[in-house]
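Below, each chain spelled out in residue letters.
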Amino acid sequence: SSLATTFLDLPLANPLMNASGVWCSVASQLEALLESESGAMVTKSCTLDPRNGNPEPRYRVLDGNKPWGSINSMGLPNEGFPYYLRYTERHDYETKPLFISISGLTLDDNLAMVDSLKDAVTPAILEINLSCPNVPGKAQLGYDFDAMDTLLAEVTSGYGQRQLGVKLPPYFDIAHFDEAAAILNRYPSVAFVTCINSIGNALVIDINTESVIIKPKDGFGGLGGDYVLPTALANVNAFYRRCPEKAVIGCGGVKSGHEAFLHILAGATLVQMGTALYEEGPGIFTRVKAELLEIMKQKGYENLADFHGKLKTL
Ligand SMILES: O=C(O)c1[nH]c(=O)[nH]c(=O)c1I
């Protein structure tokens, strides 16, 4: 069996990569991802200028010894767009593809970053984050369909119809899947969707301290890990069914070959890891690769195409 795949006509050794935001904010982390066995990698969502982000503690795993998931309200800390643009200029694209994630605070900031990327003519693949839930006072684009439509119209024309993708928040209503997909399908150059970002504004309470466990936003933060897997699979499959011309990248609740297999069965071409990578480090890619291969062997699948998107219904 083989994990080899392609994405936007690029060859990948395997479908596994990090989720934006995890182990990808600074050069040392990006170099560790490059050296890891991931098939691809993505940078931390960036703004035009560097940001410190929210006060700490701003990331916690829940039930520490056996983390069922995580909650975070990082607040978009990042080194600023120029830092990541410089990394795209020195990345080794022969080793693995690189995605660059942007999350501008304004439409103009997003357009400025897109314009610089277009001029840079870099092989890096643009993933526009429409779903950061943790910038106080800023509603996320993914839940404002008019704003999302406007952004995509401006960005796709600004990017000269070059292929790009969007990172979406989870949706929980069939009508919302329909509406979001209808907008996305009007932009053929949006070649992929990454589902899902964290489930926004959850609240974790510690019974011993009778307190919330992260400092920003009175403890409200994005949920990741085991808790989000069924929602992640639903969003992957919903957009896989509704956007036949686009690829879907699955993200949410992947911590072993098992969940990676489920995401691919549901329609994901690539699979991202966030919480599990945060807790285990880049060695996780070696483990999950072996686990996924083992499951494929048990089931008699030679390659990913043998089961990609082949989820059965009853
Ligand atoms: O708080 C963050 O930095 C953050 N946290 C998330 O869970 N998703 C995001 O897209 C972002 I930009």
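Cut-offs applied
- Residues numbered from 1 in each chain as written.
- Predicted model: local features only at pLDDT ≥ 70, side-chain atom pairs only at ≥ 80, totals over all residues.
- Heavy atoms only, no water.
- Helix = DSSP H or I, 4+ residues; strand = E, 2+ residues; numbered from the N terminus.
- Contact = heavy atoms within 4.5 Å.
- Buried < 20%, exposed > 50% of the residue type's maximum accessible area, 1.4 Å probe, protein only.
- Near = heavy atom within 4 Å.
- Polar contact = N/O pair within 3.5 Å; in protein donor to acceptor, adjacent residues only side chain to side chain.
- Lys, Arg positive; Asp, Glu negative; His and termini not counted.
- Salt bridge = Lys/Arg side-chain N within 4 Å of Asp/Glu carboxyl O.

Student: Teacher, can you tell me more about the environment of Lys 289 here?
Tutor: In this structure, Lys 289 sits in helix H9 (residues 284-299). Between the C-alpha atoms of Lys 289 and Glu 279, which are 10 residues apart in sequence, the distance is 17 Å. Apart from residues no more than four positions distant in its own chain, Lys 289 is found in contact with Leu 3, Asn 14, Leu 16 and Glu 37.

Student: Explanation requested: the environment of Leu 141 in the structure shown.
Tutor: For Leu 141, the position within the fold is in the loop between strand E8 (125-129) and helix H4 (145-158). With a relative accessible area of 18%, Leu 141 lands in the buried category. For the pair formed by Leu 141 and Ser 131, sequence separation is 10 residues and the distance between their alpha carbons is 6.1 Å.

Student: Is there a simple way to explain the site of the ligand in this structure?
Tutor: By nearness alone, every residue bordering the ligand is listed as Lys 44, Asn 72, Met 74, Gly 75, Leu 76, Pro 77, Asn 129, Cys 132, Pro 133, Asn 134, Asn 197 and Ser 198. Gly 75 places a polar main-chain atom, nitrogen or oxygen, 2.9 Å from an oxygen atom of the ligand. A distance of 2.9 Å separates an oxygen atom of the ligand from a polar atom in the backbone of Leu 76.

Student: Just to check I follow, could you spell out the side chain of Lys 167 for this structure?
Tutor: In this structure, Lys 167 sits in strand E9 (residues 164-168). For the buried Lys 167, no salt bridge is present, and the opposite-charge side chain at shortest range is Glu 127, 4.6 Å distant. Residues in contact with Lys 167, not counting those within four places in the same chain, are Ser 20, Glu 127, Ile 128, Asn 129, Leu 130, Ser 131, Thr 194, Ile 196, Asn 197 and Gln 272.

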